[in-house]
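# Coordinates in review
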Amino acid sequence: MRSLGQRVLVTGAAGFIGAALSYKLVENGFEVIGIDNLNNYYDPKLKESRLNLIENLAKKLSLKWSFKKIGIENNYELLSVFESFQPKIVVNLAAQAGVRYSLENPKTYITSNIVGFTNLLELSSKFEVNNFIYASSSSVYGGNKKLPFDESDSVDHPVSLYAATKKANEITAHCYSHLYKLPCTGLRFFTVYGPWGRPDMAPMIFAKSILDEKPINIFNYGNMQRDFTFIDDVVEALLKCCSKPAFPDPDFKLNNPEPYNSWAPYRVFNIGNSMPINLMRFIEILEKELGKKAIKEYKAMQPGDVVKTNSDNSKLYEWINYKPTTLLEEGISKFASWYKDYYT
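Each chain carries its own residue numbering, running from 1 in the written order of its sequence. At least 70 in pLDDT is required for a residue's local features to be given in this predicted model, at least 80 for side-chain atom pairs to be given and counted, and no such filter applies to totals for whole chains, interfaces and linings, which use all residues. The side-chain values count all of the structure's non-hydrogen atoms but skip hydrogen atoms and water molecules.

In this description, a disulfide is simply a cysteine sulfur pair whose atoms lie within 2.5 Å. Considering all chains together, one arrives at 0 disulfides under this definition. With no disulfide of its own, Cys 184 lies 10 Å from the sulfur of Cys 175, the closest cysteine sulfur. When a residue's accessible area, from a 1.4 Å probe over protein chains only, is under 20% of the maximum for its type it is buried; when over 50% it is exposed; and in between it is partly exposed. Owing to a relative accessible area of 0%, Cys 184 belongs among the buried residues under this scheme. Not part of a disulfide, Cys 242 finds its nearest cysteine sulfur in Cys 241, a span of 7.5 Å.

Here it is as structure tokens:
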């Protein structure tokens, strides 16, 4: 897909998904400005390395890419970006991530995920953005036991503050869609992994511990399933959503409302692999790719965590005619190859 030089603002552009999307947008000819606060939640050097990849690509292709160190909670600096850049598409991938970290530092989640998110919605409505896309999370399904998770399911029972902030994002986005006709699309990501991943997530933690010959913690005694979703599949879905803003559903029923669409230009979709796998199987494949066995320590369930995730992607497929294609073995192989190249 080639753009017509559309201007895209990507927040969290130095993050795992944000950097991967920014790279793909530049590659496809979009004019991109990325912002990120480059905090030290994890190693800023990894974030800088991701940004260098995008910078080098833009120079090689003589395409427009710029970056500013800004936190989305800083409304004054955000305003200057909107005034100077005048984006037509905004993709918000900036957030304080991590379920477990939200137990330790709850205020940072309110500042970034609530205040910062609202700042972006407010500016996007004032500057007449044509398409607002944002990261939600499979965490919103909380204590739900019915699998696979479907966008029609209730998400009123979060089990972590992180999940609660993502649910709040979806509700707030709907308000702006209704009040200001701002097209908003939320994507509920399911355990994204791959090259350049986040060091606080299981694949990176496991890889480091296995290669360093240190124990890995396996929670709920290994009785966990995750819908691991490869980064390239997530980016492809985001790219397609950039070309299709949300619009009002003409068949929306006010007397029997669905939570994922609206009379307003609003949509929410799952993006997962739809092939959940036991955590022990993931570790087994990773051991094979790294050529080492893990030292396993089995522990009880962590507060705020869930036992299983499983995504129903049918609504996203209907929307953009796309579904993930990367098999787990292929994805882990690519991840392990990158990890060994980057860290060893």
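Only centres within 6.5 Å qualify two rings of Phe, Tyr or Trp (six-membered ring in Trp) as a pair; their planes then separate them into stacked at under 30 degrees, edge-to-face at over 60, and tilted for everything else. All chains considered together, the criterion is met by 26 aromatic pairs. Taking 5.5 Å as the distance between ring centres and 35 degrees as the angle between the ring planes, the aromatic pair formed by Phe 269 and Trp 319 counts as tilted. Of this pair, Phe 269 sits in strand β11 (residues 266-271) while Trp 319 sits in helix α10 (residues 314-320); the two residues are 50 residues apart in sequence, bridging distant segments of the chain. The class for Phe 269 is buried, based on a relative accessible area of 3%. Judged by centre distance (6.2 Å) and plane angle (75 degrees), the ring pair of Trp 338 and Tyr 339 falls under edge-to-face. Each member of the pair Trp 338 and Tyr 339 is classed as buried. Taken together, the ring pairs in this structure connect Trp 196, Phe 335, Trp 338, Tyr 339, Tyr 342 and Tyr 343 into an aromatic cluster. Geometry around Tyr 317 places Lys 323 over its ring, the cationic atom sitting 5.4 Å from the centre. Elements are defined by DSSP. Helices are runs of H or I of four residues or more, strands are runs of E of two residues or more, and each kind is numbered from the N terminus. Lysine NZ or arginine CZ positioned within 6 Å of the ring centre and within 35 degrees of the ring normal marks a charge as sitting over the ring.

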